[in-house]
Amino acid sequence: MTGHASTFAIADRGSAPIEDRRLERVVGVLRFVAAAAILLFGQALPNLGPVFVLVLGIFFGGYGLLVSLTWARVRTVDDREQAARFTLAADISLVGFALFVFAPDPSWTIYVCGFLVIASGGFRFRNGALLAAASLSLTYVVVMVFRASALAIPMTAAQVALHLGGYLTAGAVLNAVLPGLDALRERDHETYKPILQAHDDAGDAVLMTDAGRPIYWNKAFEALTGYTAADQSRAPSIADLVVGGEEVPRGGSDDHRAFRVQVRTRDANLVEVDVIRRRARADENDRDVWLLRDVTTRERAEADLRDKALHDALTGLPNRVLLADRLTSAIAVAQRQDAALSLLLLDLDGFKGVNDTWGHHAGDLVLIEIASRLSGTLRESDTAARLGGDEFVLLLPATPLVGAVEAARALVDFIVAPITVDGRQVTVGASIGIAVFPNHGRDAEVLLAAADSAMYEAKHSGGGYRTFRAHIGSTQP
């Protein structure tokens, strides 16, 4: 954790780096420990009286409480900047007050704390080290003047210059070095940001763990699991997040093939995902990068695509492709079982007039209603399909000619029933051609051609149904 950008905040510059909060939480605990130690053992120090013990303890404890509350409210980069500046000011105040308290005989620990504050200022925000060094140098000058005037403790110019030079040199060095480190991190950010953004756009969840604890995740992971950036500090371990059984590779495995697991969401649901895990070593801990893709959503999308490819978009009936597949399979079954199979090709009469008079919207509603009526007459083994326009096909396995004629007669009466379209009664008729396997053809293409020929004969005869008669080419009612 350094500077203005945390290593794991590169994907979202709008949220405060979690590492800053963790560091400040540790420092805050140390402040409270220092306050307690001062109140308990302060009387043992020669320079401290009861008043100084009480005041210094209140300073440490009070600043610790204010700093903790300030960081608890951090949500954005601006919040983080304000919290970092307030924290630095608090730490400078504490060191400055300690210098005054120990003015007769400053301990070396005071100067060590001062250098630590300067270093923390450089890590917290740009020019923070220089600001801290200048502030502590000014405090030190005031303390030296107080020592010389009020306490009559001599201090040579060389000693003052040495202490001031140490503070200012530390601030200047850190102020020069840290921006270079920030530039390197910024370059890494510009390199990896497009990669992470591409994963977000593709819906690929990215999770980084260190020693089994999440330290970074992207927006796609939040969408998948329901966790937010604010949950990172208290997120469950990877053992609680991933439910995988035997498919999860063992720790240290070099097998980077995809495996399937379930991820536990924030509301305790389980989502099935495909995972690719890459392992790296960092600070003697196991650091893993997990790439997760929602299997349920993907399979549902693939199923929808397959369904759209095989079904008519308007009516939802099987289209020409699916009909051809089912017809070929039905012919193979009929051939093995030495059974009949009937094919009815249906064309609507008067449909063009509906389109011309009431518009294509009315025509679409008629087609949807006809499709619904056809589906309602089917057995489980039958298929109703739409070839296109106002042409429909009924595939009736295990149905001889007699059964096909009865079905066609019922369909003619069924279709001619009025259809309500936008409050108006619309009527269409039907011309149906019948072809039967094996009498009229032994493959799908020949059967469809025979049914089509019979259908045109029925239409030219004024509607109703006709059966294709092999070898003669004529039709019969």
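Residues numbered from 1 in each chain as written. Predicted model: local features only at pLDDT ≥ 70, side-chain atom pairs only at ≥ 80, totals over all residues. Heavy atoms only, no water.

Visitor: Help me understand the overall build of the protein in this model?
Guide: Secondary structure assignment for the protein yields 14 helices and 14 strands. Counting the 477 residues in the protein, one finds 43% classified as buried. The contacts of the protein with a sequence gap of at least 6 include a subset with a gap of at least 24, amounting to 59%. Total accessible area on the protein is roughly 24,600 Å²; 59% of this is exposed by carbon and sulfur atoms. (Helix = DSSP H or I, 4+ residues; strand = E, 2+ residues; numbered from the N terminus. Buried < 20%, exposed > 50% of the residue type's maximum accessible area, 1.4 Å probe, protein only. Contact = heavy atoms within 4.5 Å. Areas by Shrake-Rupley, 256 points an atom, 1.4 Å probe, with all protein chains shown as cover.)

Visitor: Any chance you could explain the environment of Asp443 here in plain terms?
Guide: Looking at the secondary structure, you find Asp443 in the loop between strand E12 (429-437) and helix H14 (444-460). Residues Asp443 and Leu327 lie 116 residues apart in sequence; the distance between their C-alpha atoms is 8.6 Å.

Visitor: Teacher, can you tell me more about the packing of aromatic side chains here?
Guide: Each aromatic ring pair is described using two quantities: the centre-to-centre distance and the angle formed by the ring planes. Counted under the stated rule, the structure contains 2 aromatic pairs. Ring geometry for Trp217 and Phe221: centres 5.1 Å apart, planes at 25°, overall stacked. A single burial state applies to Trp217 and to Phe221, both of which are buried. Ring pairing ties together the aromatic residues Trp217, Phe221 and Tyr227, which thus form one cluster. (Phe/Tyr/Trp six-rings, centres within 6.5 Å; stacked < 30°, edge-to-face > 60°.)

Visitor: For this particular structure, what's the right way to read the pairing of strand E13 (residues 464-468)?
Guide: Looking along a regular strand, one sees side chains alternate from face to face of the sheet. Of all the 5 residues making up E13, 5 are buried; the element is thus mostly covered by neighbouring parts of the structure. Both faces of E13 are covered, namely the face carrying Gly464, Arg466 and Phe468 and the face carrying Tyr465 and Thr467. Relative to E13, E12 runs parallel, the two sharing 4 bridges. By the bridge assignment, Gly433 is partnered in E13 with Arg466. A crossover links E12 with its parallel partner E13, the connecting element being H14, and its sense is left-handed. (Pairing = 2+ DSSP bridges. Right-handed = clockwise from strand over helix to strand, strands pointing away.)

Visitor: Could you clarify how one ought to interpret the pattern of salt bridges in this entry?
Guide: If charged atoms from side chains of opposite charge come close, those side chains can pair. This structure, assessed with the given rule, holds 8 salt bridges. As a salt-bridge pair, Lys459 and Asp349 come within 2.5 Å of each other at their nearest N and O atoms. With a gap of 110 residues between them, Lys459 in helix H14 and Asp349 in strand E7 (residues 341-349) connect regions that are remote in the sequence. The salt bridge involving Arg424 is made with Asp422; its shortest N-O contact spans 4.0 Å. Overall, the relative accessible area of 48% leaves Asp422 in the partly exposed class. One network of salt bridges, with partners in common, ties together Asp347, Asp349 and Lys459. (Salt bridge = Lys/Arg side-chain N within 4 Å of Asp/Glu carboxyl O.)

Visitor: Please explain a nonpolar patch on the surface as it appears in this structure.
Guide: A cluster of nonpolar side chains, namely Phe32, Leu65 and Leu69, defines an oily patch on the protein surface of about 280 Å² accessible area. With respect to the helices, strands and loops of the structure, Phe32 is situated in helix H1 (residues 18-41). (Patch = residues over 30% accessible without salt bridge, like charges linked within 9 Å, V, L, I, M, F, W, Y side chains within 5 Å.)

Visitor: What is the right way to read the packing of helix H10 (residues 320-337) against H14 from this model?
Guide: Any two packed helices are characterised by how steeply their axes cross, that is the angle between the axes, and by the distance between the axes. The geometry of H10 relative to H14 is characterised by a closest axis approach of 10 Å and an angle of 105° between their N-to-C directions. As judged from the angle between their axes, H10 and H14 are roughly perpendicular. Residue-level inspection shows Leu327, Thr328 and Ile331 of H10 in contact with H14, the latter providing Ala444, Leu447 and Leu448. Across the contact of H10 with H14, the residue classes tally to 5 nonpolar, 1 polar and no charged. (Axes fitted to C-alpha atoms, helices over the stretch in contact; angles between N-to-C directions. Parallel < 35°, antiparallel > 145°, perpendicular 65-115°, else oblique. Nonpolar A, V, L, I, M, F, W, Y, C, P; charged D, E, K, R; others polar.)

Visitor: How do you make sense of the pairing of strand E8 (residues 383-388) when you look at a structure like this?
Guide: Across the 6 residues that make up E8, a large majority, 5, are buried. As defined by bridge partners, E8 adjoins strand E9 (residues 391-397) across 5 bridges and the pair is classed as antiparallel. Each bridged residue has a counterpart across the sheet, and for Gly388 the counterpart in E9 is Glu391. Adjacent in sequence and paired antiparallel, E8 and E9 are bridged by 2 residues, among which Gly389 carries a positive phi angle near 60°.

Visitor: Explain the side chain of Ser237 here, please?
Guide: Tracing the sequence through the fold places Ser237 in the loop between helix H7 (219-225) and helix H8 (238-241). Those residues in contact with Ser237 that sit more than four places away from it in its chain are Gly212, Arg213 and Pro214.

Visitor: I keep staring at the confidence of the model for the protein and nothing clicks. Help me out?
Guide: Segments scoring low in pLDDT should not have their predicted coordinates read at a detailed level. Mean pLDDT over the protein: 76, with 69% of residues reaching 70 or higher. In this model, residues 1-19 is a region of pLDDT below 50 whose contacts with residues beyond four sequence positions or in other chains number 50 contacts. Counting contacts from residues 471-477, a segment whose pLDDT is below 50, to residues more than four positions away or on other chains yields 14 contacts. (pLDDT = per-residue confidence, 0-100.)

Visitor: Would you mind going over the nonpolar core with me for this structure?
Guide: When a protein is soluble and globular, its nonpolar side chains tend to lie buried together. One finds Leu344, Leu348, Val366, Ile370, Phe392, Ile432 and Ile434 to be the most contacted residues of the largest nonpolar core, which totals 31 residues. For this core, the secondary-structure elements that each account for two or more residues are E7, helix H11 (351-358), helix H12 (360-376), E9, helix H13 (401-415), strand E10 (419-421) and E12. Of all hydrophobic cores here, the second largest spans 21 residues; its members include Leu323, Leu343, Ala444 and Phe468. (Core = buried A, V, L, I, M, F, W, Y, C linked by side-chain atoms within 4.5 Å.)

Visitor: Would you mind showing me how to read the side chain of Thr315 here?
Guide: Here Thr315 is to be found in the loop between helix H9 (295-310) and H10. Judged by relative accessible area, Thr315 falls into the buried class, the value being 17%. A distance of 2.7 Å separates the side chain of Thr315 from the side chain of Asp312, its partner in a polar contact. Those residues in contact with Thr315 that lie beyond four places of it in its chain are Leu367, Ile368, Ala371 and Arg386. (Polar contact = N/O pair within 3.5 Å; in protein donor to acceptor, adjacent residues only side chain to side chain.)

Visitor: Explain unusual backbone geometry to me, please; I cannot follow it from the model alone.
Guide: For residues besides glycine, phi is generally negative; the peptide bonds are generally trans as well. A cis amide bond, omega 5°, links Phe437 with the succeeding residue Pro438. Even without glycine at this site, Ala268 takes up a positive phi of about 75°. On the secondary structure map, Ala268 appears in the loop between strand E4 (259-264) and strand E5 (270-282). Residue classification places Ala268 among the exposed residues on the basis of a relative accessible area of 52%.

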